[in-house]
Amino acid sequence: MKTYIKLLAFIFISGFLSAQSGQVKGKVFDAGNNEPLPFANVMIEGTQTGAVTDLDGNFIITGLKPGYFRLVVSYLGYKQQTSEDILISNNNNPFIDIALEPNEKVLNEVLITVDPFSKKVESPISMQSIGAKEIESNPGSNRDISRVIQSFPGVGSTPNFRNDVIIRGGGPSENRFYLDDVEIPVLNHFSTQGASGGPVGIINADFIKSVDFYSGSFPANKYNALSGILDFKQKDGSKDRTNIQLALGASEASLTLDGPAGSKSNYIFSVRRSYLQYLFSAIGLPFLPTFNDYQLRFKTDFDKKNQLTIISIGSLDKNTLNTGIENPDLTQEFILSQIPVNNQWSYTFGAVYKHFFNTGNHTLVMSRNMLDNSFYKYPDNDESKPRLFDYYSTEAENKIRYELNFRKNEVKYVISAGTEYAKYYNDTKQDVFRNGEVINFKYRTDLDMIKYSVSGQLSKRILRNRLLTSVGFRLDGNNYNSSMQNLFNQFSPRISFSYTLTDKSALNAGAGRYFQLPAYTTLGFRNLNSELVNKDAKYIGVNQYSLGIEYRLTKSIILSTEAFYKDYFQYPIDIESGISLANQGADFNIAGASEIISKGVGRATGFEVLGRANFKSFSSIASYTFVRSLFNDINNKEIPSSWDSRHLFTITGSKEFNKNWRAGFKWRYVGGLPYTPYDLEKSKNIAAWNASGRAYNDFTKLNSERLKPFHQLDIRVDKNFFFRSWSLMIYVDIQNLYNLKYTGQEYIIRQKDENGSYMTTDNGKNYILQAVENESGNVLPTIGIMIKL
């Protein structure tokens, strides 16, 4: 113990005695043609410290105290740019690329200064940019971007431990994710096939430079989304030396390496492995998840006109059951009876080649991604009995996309075209209870698809620079059926505006039509006769409209409000249950695997209020969203969807103190979500229960009940130590600080007698069922340690 105390004392004392000699290097260049910009001014925000770029656009600023900084870059004829947050330490010298956009204003025209929070010209509304420091320090998120975005308007959350991304009343299946221009279909470990949710994110926060989060007004070159797009940009590796980072987080240990790979290339690579299975086993939890992942980015500049970036990300997940628990309580018994054994792996590999010319660039993106997913369940986890269900599926996509970006006559053009070969395989075996009898349902699907697309978008400021206008279109098609084959059936026009009212305020508006292909689980579904039954499926569509106003109170504070309306059409409706598939995707089952008709409609409407402050040592986000999400069933009855939370309120704050301390909090309130009661009459039938191993929902009463609201306070404290040749970062994160107990929909189990046998009634035809309270919510403290060498 004395040795331990001495070690801690040494770390604290060394932290104050270490030299403060950090530095940052970088390059300033034209965003369109990659030409270096000599003699640009580069300043540390809020200080007089800075540098001027040389003839090659390079700069270096030395003698910096370790910590987070932002760079402010200005150059005649270009828009002033503020960089993302940069972590500088004594032993790690980051290299920052800063791309400047031409400033199209001329003499005697209005100078546009209303936008200090990095808005895109293609999407001046319904878009937020998130920096690395916000991700690192967000309380309760454990550096997981799927949880970080819950601080922003329009983003719903659930009280469980899943990372379902729910945006403006749309389900988890309605979002898409891009990593350095490469689509990554799988964002989470143990991902729900046909949706996007899962308990833990795959992306390592150490790689992230910034994230652009779109909740509407999607750029035309981003596709297959109805509710949200997350566009991740990754950091470059060091160009001077190899850096090593070791981290121990809330659920996993990781190793990250970055450094140069020759004079023109750099890399960053990480591997992570969870240790939850050991913790869960020690405390007696019924399931034992293990996840592993890797992430790689390699970038090379052949010359100033040609650039290649290679990215790859993958996961390997395994979930087993802790059947060795002695005398499990009723909750443990329920969980053991419901959760399947699940094995899943996924990967994405992509290459992005850019060729720059005088007024723009050509981009070629090639990628392949694959998901391999299997799970099965034995009755009562008895492996001597036939499996209740046995599921194995793969999805593979091979993609190529070309984009042309250029400026002409003060107009920015983005033109793209792409094609894709997709292969989906499914082998399903399960017992199904229908019309009073048990049916052994099995089918096998081997589906091939060719997809193709074209898009265009142009953006320009008019009316003496007061009005930013962006107009675009997109056409998507595939060879699944004749309807989808016709590109013009999926014609997606879009338009957005931002009108500068004063030098501090702007009026924003957007409208567009967007399409999304139904999940492969839907397109490949077969009936009892092994017939492909969804041959008439159509793309899911939504018309989106948004209108908002923003006001820049000071240089670092922005206030905004925005109203939105989403009008869904051609949404798949499950023929058997009669419900819209918009309600699926927030559990560990397969989403979309059913016979459907593409006649569903729905709407999501509401408004958002946002206050965002971003000072040097303090940042905060306060957001409120009112949202209604309603979808029609097969009888055209409008019913609240599973995401109809109505009220969302989040306030997040983070403050930096002297000696590299930082503290933050996040409080969130989520209105009670609807749920569907059980059909106890059907569920107690022995044959029905034995076929599924669980209680059945009564879909004639879809979402007729509502849970109580949920709220939670999370706090986090960080302390950074910067030594001469290494750095130590420690954080303490406490979720649910005031220990709110949340009651969800009750569990239903079969009642046992004193001998452990299931009790029956009605001459052995029915089980006696028992309701078990579903209460969750405990104080959850975690400690994280990161060492950078």
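The structure presented is a predicted model; accordingly, all values stated were derived computationally and were not measured.

Engineer: Any chance you could break down the overall build of the chain for me, citing the residues and the numbers?
Structural biologist: The number of helices and strands found in the chain is nine helices and 49 strands. Computed over the C-alpha atoms, the radius of gyration of the chain is 27 Å, within 12% of the 28 Å expected from 2.2 N^0.38 for a compact globule of 789 residues. Structurally, the chain occupies a C-alpha span of about 90 × 75 × 45 Å along its principal axes. Counting every position in the chain, which comprises 789 residues, the buried fraction comes to 57%. For the chain, the share of sequence-separated contacts (at least 6 apart) that also reach a separation of at least 24 residues comes to 66%. As displayed, the chain has an accessible area near 32,700 Å², and 57% of this comes from carbon and sulfur atoms.

Engineer: Go over the packing of aromatic side chains, please, and point to the residues and values.
Structural biologist: Under the definition given, this model contains 29 aromatic pairs. Residues Y568 and Y571 carry aromatic rings whose centres are separated by 5.6 Å and whose planes lie at 65° to one another, so their mutual orientation is edge-to-face. Across this residue pair, the class does not change: Y568 and Y571 are buried. A ring pair is formed by F721 and F723, whose centres lie 6.4 Å apart and whose planes are at 5°; its orientation type is stacked. In this pair, the class of F721 matches that of F723, namely buried. Grouping aromatic residues by their ring pairs yields a cluster made of F375, F389 and Y391. Above the ring of F441, the side-chain terminus of R434 is found at 5.7 Å from the ring centroid.

Engineer: How would you explain the nonpolar core if you had to name every residue and give the values?
Structural biologist: Counting residues in hydrophobic clusters, the biggest one holds 30 residues, and the most contacted among them are I130, I135, I145, I203, V211 and F232. Broken down by element, the residue count for this core peaks at three residues, all from strand 17 (residues 208-214). Listed in part, the 21 residues of the second largest apolar core include F515, L532, Y539 and I596.

Engineer: Describe in detail the confidence of the model for the chain, supporting the description with residues and values.
Structural biologist: Detailed reading of the predicted coordinates is not advisable wherever pLDDT falls low. Scored by pLDDT, the chain comes out at a mean of 89, with 95% of its residues at no less than 70. Confidence drops under pLDDT 50 across residues 1-19; counting only partners more than four residues distant or on other chains, this segment forms 18 contacts.

Engineer: Break down unusual backbone geometry for me, citing the residues and quoting the values.
Structural biologist: One non-glycine residue, R464, adopts positive backbone phi at about 55°. Phi is positive for S530, close to 60°, though the residue is something other than glycine. With respect to the element layout, S530 can be found in the loop between helix 7 (520-523) and strand 32 (540-554).

Engineer: Can you tell me about the sheet that holds strand 18 (residues 228-234), naming the residues and giving the values?
Structural biologist: With respect to topology, five strands assemble into an open sheet ordered 10-17-18-13-14, the strand pairing being mixed. In this open sheet, the two strands that pair with only one neighbour each are strand 10 (127-131) and strand 14 (182-183). Where strand 13 (residues 175-179) lies against strand 14, two bridges are found, and the strand directions are antiparallel. What sits directly across from Y178, in strand 14, is E183.

Engineer: Can you explain helix 5 (residues 330-338)? Please cite residues and give values.
Structural biologist: When helix 5 is considered as a whole, its buried residues turn out to be Q332, E333, F334, I335, L336 and Q338. At its buried positions, helix 5 is contacted by strand 22 (287-303), strand 23 (306-321), strand 25 (360-377) and strand 44 (747-750). Between the side-chain oxygen at the start of helix 5 and the backbone nitrogen of T331 there is a gap of 3.2 Å, and the oxygen is on D329.

Engineer: So what's going on with the sheet that holds strand 4 (residues 58-64)? Which residues, and what values?
Structural biologist: Sheet strands associate in pairs through backbone hydrogen bonding, adopting either a parallel or an antiparallel arrangement. Read from one edge to the other, the open sheet built from three strands follows the order 4-1-9, with strand pairing classed as mixed. The two strands at the open ends of the sheet, each matched to only one other strand, are strand 4 and strand 9 (95-100). Geometrically, the sheet is characterised by an average inter-axis angle of 25° between neighbouring strands, direction not taken into account. Inspection of the sheet shows strand 1 (residues 22-30) paired to strand 9 by six bridges, in the parallel sense. Each bridged residue has a counterpart across the sheet, and for G26 the counterpart in strand 9 is I96.

Engineer: Tell me what's going on with a nonpolar patch on the surface, and back it up with residues and numbers.
Structural biologist: A surface patch of nonpolar side chains, amounting to about 590 Å² of accessible area, comprises I462, L463, Y499, L501, L507, L547 and I549. Mapping L501 onto the fold places it in the loop between strand 30 (491-500) and strand 31 (505-516).

The rules behind the values
Residues numbered from 1 in each chain as written. Predicted model: local features only at pLDDT ≥ 70, side-chain atom pairs only at ≥ 80, totals over all residues. Heavy atoms only, no water. Helix = DSSP H or I, 4+ residues; strand = E, 2+ residues; numbered from the N terminus. Rg over C-alpha atoms; globule rule 2.2 N^0.38 Å. Buried < 20%, exposed > 50% of the residue type's maximum accessible area, 1.4 Å probe, protein only. Contact = heavy atoms within 4.5 Å. Areas by Shrake-Rupley, 256 points an atom, 1.4 Å probe, with all protein chains shown as cover. Phe/Tyr/Trp six-rings, centres within 6.5 Å; stacked < 30°, edge-to-face > 60°. Lys NZ or Arg CZ within 6 Å of the ring centre and 35° of its normal. Core = buried A, V, L, I, M, F, W, Y, C linked by side-chain atoms within 4.5 Å. pLDDT = per-residue confidence, 0-100. Pairing = 2+ DSSP bridges. Polar contact = N/O pair within 3.5 Å; in protein donor to acceptor, adjacent residues only side chain to side chain. Axes fitted to C-alpha atoms, helices over the stretch in contact; angles between N-to-C directions. Patch = residues over 30% accessible without salt bridge, like charges linked within 9 Å, V, L, I, M, F, W, Y side chains within 5 Å. Salt bridge = Lys/Arg side-chain N within 4 Å of Asp/Glu carboxyl O.

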